Amino acid sequence: MANDAPFKHNSKMMNRLDLTTRLVGKLKNDEAVIGGIGNSNFDLWNAGPRAQNFYMLGSMGLAAPIAFGVALAQPQRRVFALEGDGSLLMQLGCLATIANVAPKNLTIIVWDNAMYQITGSQKTASAGKADFVEIARGAGLAQSAWANDEADFERLIDATLAGDGPWFIAARIDGSTPKGQTPREPVAIKDNFMRGIAIKPA
Ligand SMILES: Cc1ncc(C[n+]2csc(CCOP(=O)(O)OP(=O)(O)O)c2C)c(N)n1
């Protein structure tokens, strides 16, 4: 199904795997990346395995809360959360909590395809009137922006890698289906991630 959501902003419709690959390509300091349920973590997997990736398999809305916890536990490590629009809508309260605690090392990215793609492409509220950047700013995340195009997305990622967060980036994406899926091995995912962020011996 195409993402035919009404135009609430000027951002180009982009591709989740392409943007995820651009993000991962910029990570040189063992930054942690938390992929949300379904397509967000599938395309994080498809962008290439990293020991510092955590793939959320079962529950919607937990990428940002998990990333928030990692960011607080390891303030020297930059942490990214990748979440689908439907999943973030289920857990909007986390934005207000994150804004109030304001970890400098945290970036939340929402992939807005305006649908619950993986369960049948039902429309989300962002196919209607909801605007994620307005929501994030209203929650108190002042450094929030739509990525206007791929170059703008890269510029925003560069800013998150150089300066103090928290940051919130929204990207309008198409309805492409990920080529492959993260293996359903939750214990291995957890153990690899714990080793990757140096809280479990290699
Ligand atoms: C708490 C919870 N409710 C419902 C589901 C079923 N479910 C799994 S993925 C999904 C849709 C996710 O939509 P979105 O986050 O927008 O990602 P997309 O599939 O569009 O990439 C749903 C409804 C679930 N796994 N967990």
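All chains use their own residue numbering, which begins from 1 and follows the written sequence. Two thresholds apply to this predicted model, a pLDDT of at least 70 for residue-level local features and 80 or more for giving and counting side-chain atom pairs, whereas whole-chain, interface and lining totals are computed over all residues. To obtain the side-chain values, all non-hydrogen atoms of the structure were included, while hydrogens and water were left out.

Remarks on the site of the ligand
Thought 1: Working definition: residue near molecule or strand if any one of its non-hydrogen atoms lies within 4 Å of it. Near the ligand you find 16 residues, and of these Asp 85, Gly 86, Ser 87, Met 115 and Gln 117 are the closest.
Thought 2: In the analysis that follows, any N or O atom pair within 3.5 Å is treated as a polar contact, provided that within protein one partner can donate a hydrogen and the other can accept it, and provided that, for residues neighboring in sequence, both atoms belong to side chains. At 3.1 Å, a backbone N or O of Gly 58 approaches a nitrogen atom of the ligand.
Thought 3: Between the ligand and Gly 86 there is a distance of 2.8 Å, counted from an oxygen atom to a backbone nitrogen or oxygen.
Thought 4: With residues, only the protein chains shown are counted as cover, and all accessible areas are computed by Shrake-Rupley using a 1.4 Å probe. Against a free-state accessible area of 590 Å², the protein chains account for coverage of 75% of the ligand.
Thought 5: Think of it this way: any DSSP run of H or I at least four residues long counts as a helix, any run of E at least two long counts as a strand, and we number them from the N terminus. Of all elements in the fold, only α4 (85-90) and β5 (115-116) reach the threshold of two or more residues within the shell around the ligand.
Thought 6: At 4 residues, the largest contribution of residues to the shell around the ligand is made by α4.
Thought 7: Note that Gly is not counted as nonpolar here; it falls among the polar residues with everything else outside the nonpolar set of Ala, Val, Leu, Ile, Met, Phe, Trp, Tyr, Cys and Pro and the charged set of Asp, Glu, Lys and Arg. In terms of residue class, the shell around the ligand is made up of 6 nonpolar, 8 polar and 2 charged.

Notes on the environment of Phe 42
Thought 1: Looking at the secondary structure, you find Phe 42 in helix α2 (residues 39-46).
Thought 2: With near-sequence residues (within four places) excluded, Phe 42 lies in contact with Ile 118, Pro 178, Gly 180, Gln 181, Thr 182 and Arg 184. Only heavy atoms matter for contacts: two residues are in contact if any of them lie within 4.5 Å across the pair.

A few points about the side chain of Ser 126
Thought 1: Within the secondary structure layout, Ser 126 lies in the loop between β6 (122-123) and α6 (132-139).
Thought 2: We call a residue buried when its accessible area falls under 20% of the maximum for its residue type, exposed when it is over 50%, and partly exposed in between, using a 1.4 Å probe and counting protein chains only. We classify Ser 126 as buried; its relative accessible area is 1%.
Thought 3: Within the local environment of Ser 126, its side chain forms a polar contact with the side chain of Asp 85, the two groups lying 3.2 Å apart.

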